[in-house]
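# An overview of the molecular structure
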Amino acid sequence: MVFEKWWIGEQKQVFDIAHAINGRIRRHHRDMLRYHWEHMGYLEQTIEELEKQIDQLLSPYRKEVELLDGIPGVNKAAAVTFKAEMGVDMCVFKSAKHLASSADVSPGNYESAGKKNE
């Protein structure tokens, strides 16, 4: 977790921050900081739960994800995204060009009447 990594081993920095805001922070500020801290914890927990669900749903496709992950420049997140978007049955695509076009990675010429549309 990002905040745990920051918090652990940074006690001097935390002390410096606490010393700098001493006397300047009011109850409202403390409450708002606590609300934000609790919300970040909630978001981190939710992300962890979603990642576990994704891993469970991907279990039948481990081999495909590992093969995609083996491609240079493709990490696990990209492999999972590709699987989710394109599926594992490549028979639905007539050719590699159709697959590339569907994945929106095929080069195109977006020029009309001398104007380039990017």
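Bear in mind that the values here come from a model prediction, so they are computed numbers and not experimental data.

So, about the overall build of the protein chain. For the protein chain, the count of helices and strands is six helices and two strands. Along the chain direction, N to C, the helices and strands of the protein chain fall in the order α-α-α-α-α-α-β-β. Scored against the burial criterion, the 118 residues of the protein chain give a buried share of 9%. Of the contacts formed within the protein chain by residues at least 6 apart in sequence, a portion of 24% connects residues at least 24 apart. Summed over all atoms, the accessible surface of the protein chain reaches about 10400 Å², with 58% contributed by carbon and sulfur.

A separate point is the packing of aromatic side chains. As enumerated under the stated definition, the model contains zero aromatic pairs in all. The ring of tyrosine 61 has lysine 83 lying over it, and the distance from NZ or CZ to the ring centre is 3.9 Å.

This next bit is on a nonpolar patch on the surface. A cluster of nonpolar side chains, contributed by Met40, Tyr42 and Leu43, occupies part of the molecular surface with about 270 Å² of accessible area. In this structure, leucine 43 sits in helix H3 (residues 27-58). Looking at leucine 43, the relative accessible area reads 33%, which means it is partly exposed.

Looking at the protein chain as a whole, the pLDDT averages 82, with 79% of positions reaching at least 70. Of all the helices and strands in the protein chain, helix H1 (residues 2-7) carries the lowest mean pLDDT, 52, while H3 carries the highest, 94.

Below, the discussion takes up H3. With 32 residues, H3 ought to run about 46 Å at 1.5 Å a step, and its terminal C-alpha atoms sit 46 Å apart, in line with that. Turning to H3, its buried residues are Asp31, Glu44 and Leu58.

Here we come to the packing of helix H4 (residues 62-69) against helix H5 (residues 76-86). Where H4 contacts H5, the two axes come as close as 8 Å, and the packing angle between them is 125°. One finds that H4 runs oblique with respect to H5. The handedness of the crossing between H4 and H5 is right-handed. Taken together, the residues of H5 that come into contact with H4 (itself represented by Arg62, Val65, Leu68 and Asp69) are Lys76, Ala79, Val80 and Phe82. Residues belonging to the contact of H4 with H5 are distributed by class as follows: five nonpolar, no polar and three charged.

The final tally for this structure, using the stated rule, is four salt bridges. Two residues, aspartate 55 and lysine 76, come together in a salt bridge whose shortest N-O distance is 3.7 Å. Of this pair, aspartate 55 sits in helix H3 while lysine 76 sits in helix H5, and the two are 21 residues apart along the sequence. Salt bridges linked by common partners bring Arg27, Asp31, Arg34 and Glu38 together as one network.

Scoring rules and cut-offs
- Residues numbered from 1 in each chain as written.
- Predicted model: local features only at pLDDT ≥ 70, side-chain atom pairs only at ≥ 80, totals over all residues.
- Heavy atoms only, no water.
- Helix = DSSP H or I, 4+ residues; strand = E, 2+ residues; numbered from the N terminus.
- Buried < 20%, exposed > 50% of the residue type's maximum accessible area, 1.4 Å probe, protein only.
- Contact = heavy atoms within 4.5 Å.
- Areas by Shrake-Rupley, 256 points an atom, 1.4 Å probe, with all protein chains shown as cover.
- Phe/Tyr/Trp six-rings, centres within 6.5 Å; stacked < 30°, edge-to-face > 60°.
- Lys NZ or Arg CZ within 6 Å of the ring centre and 35° of its normal.
- Patch = residues over 30% accessible without salt bridge, like charges linked within 9 Å, V, L, I, M, F, W, Y side chains within 5 Å.
- Salt bridge = Lys/Arg side-chain N within 4 Å of Asp/Glu carboxyl O.
- pLDDT = per-residue confidence, 0-100.
- Expected span 1.5 Å × (residues − 1).
- Axes fitted to C-alpha atoms, helices over the stretch in contact; angles between N-to-C directions.
- Parallel < 35°, antiparallel > 145°, perpendicular 65-115°, else oblique.
- Left-handed = near helix turned anticlockwise from the far one by under 90°.
- Nonpolar A, V, L, I, M, F, W, Y, C, P; charged D, E, K, R; others polar.

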